[in-house]
Amino acid sequence: MLEIGKIYDGKVKGITNYGAFVEVPQEGEKPITGMVHISEVANVFVNDIREFLTEGQEVKVTVLQVNEQGKISMSIKKALPREERPQQRFRENRQNRQNRPSRDKGIVWEGMPSQKSNSEMSFEDMMTDFKKNSEERISDIKRSTDRKTRYRRRAK
């Protein structure tokens, strides 16, 4: 049986739109076949798996998991040496998230009176402003939808 996390040499036996089936030979036993999902083929986005793999190709795979039914999930990209894996991208994304401004900081609501803060306004005043603002937004959406509908009717 295959060990999870271990790297094996295998051969691509079949290719589908969602992945490839890789056969791993076992000493003294019949070969075991597992599947490499399309997301586990390469370190870049894979639109067409056939651009990266061909049937009969020798590949190195890592066993990711074996489910209750005995189906084996494998990865080609995780079998690559550490220096070939793109860990930098994850770190850059994390740094970019920390540096970008938060969505909820410094929100200025349109239609809210700027001279009073929410704590100084009564509940009724806040509801009136909210209702006015909501009605304006809904009418803007309706106008936009009507324009699109009229354009479609003319185009036909």
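Please read these numbers as outputs of a predicted model, since none were measured by experiment.

A.B. asks: Just checking my understanding: could you explain the overall build of the protein for this structure?
C.D. replies: Each helix and strand in the protein was counted, giving 2 helices and 5 strands. When the elements of the protein are put in sequence order from the N terminus, they spell out β-β-β-β-β-α-α. Of all 156 residues assigned to the protein, the portion counted as buried reaches 22%. Surface summary for the protein: the accessible area is close to 12,600 Å², and the carbon and sulfur share equals 49%.

A.B. asks: What is the right way to read the sheet that holds strand β3 (residues 29-37) from this model?
C.D. replies: Backbone-to-backbone hydrogen bonds pair the strands of a sheet. The strands run either parallel or antiparallel. Within the closed barrel, the 5 strands sit side by side as β1-β2-β3-β5-β4. Their pairing is mixed. Here the strands of the sheet are splayed against their neighbours by 55 degrees on average, with no regard to which way each runs. Here strand β1 (residues 7-15) pairs with strand β2 (residues 19-26) via 4 bridges, running antiparallel. In the sheet register, valine 12 faces β2, and the bridge partner there is valine 22.

A.B. asks: I keep staring at the environment of lysine 11 and nothing clicks. Help me out?
C.D. replies: Position of lysine 11 among the secondary structure elements: in strand β1. Note: C-alpha distance between lysine 11 and proline 25 (14 residues apart in sequence) is 8.7 Å. Apart from residues no more than four positions distant in its own chain, lysine 11 is found in contact with Phe21, Val22, Glu23, Gly56, Gln57 and Glu58.

A.B. asks: It is not clear to me how the pairing of β1 should be interpreted in this structure. Could you clarify?
C.D. replies: A regular strand places its side chains on the two faces of the sheet in alternate fashion. Bridge count between β1 and strand β4 (residues 58-66): 5 bridges; the pairing is antiparallel. Note on β4: the bridge partner recorded for lysine 11 is glutamate 58. Here β1 folds back onto β2, and the loop between the two strands holds 3 residues.

A.B. asks: Whenever I open this one, a nonpolar patch on the surface confuses me. Can you help?
C.D. replies: Side chains of Phe123, Met127 and Phe130 sit close together on the surface and give an oily, nonpolar patch of about 350 Å² of accessible area. Checked against the element boundaries, methionine 127 lands in helix α2 (residues 123-155).

A.B. asks: In this structure, what is going on with the nonpolar core? I would like to understand it.
C.D. replies: Grouped burial of nonpolar side chains is what soluble globular proteins tend to show. Core analysis: the largest hydrophobic core is formed by 21 residues, its most contacted members being Leu2, Ile49, Leu53, Val61 and Met74. Among the secondary structure elements, those contributing two or more residues to this core are β1, β2, β3, β4 and β5 (72-75). Beyond its immediate sequence surroundings of up to four residues, valine 61 is in contact with Lys6, Ile7, Tyr8, Val22, Val24, Val36, Met74, Ser75, Ile76 and Ala79.

Calculation rules
Residues numbered from 1 in each chain as written. Predicted model: local features only at pLDDT ≥ 70, side-chain atom pairs only at ≥ 80, totals over all residues. Heavy atoms only, no water. Helix = DSSP H or I, 4+ residues; strand = E, 2+ residues; numbered from the N terminus. Buried < 20%, exposed > 50% of the residue type's maximum accessible area, 1.4 Å probe, protein only. Areas by Shrake-Rupley, 256 points an atom, 1.4 Å probe, with all protein chains shown as cover. Pairing = 2+ DSSP bridges. Axes fitted to C-alpha atoms, helices over the stretch in contact; angles between N-to-C directions. Contact = heavy atoms within 4.5 Å. Patch = residues over 30% accessible without salt bridge, like charges linked within 9 Å, V, L, I, M, F, W, Y side chains within 5 Å. Salt bridge = Lys/Arg side-chain N within 4 Å of Asp/Glu carboxyl O. Core = buried A, V, L, I, M, F, W, Y, C linked by side-chain atoms within 4.5 Å.

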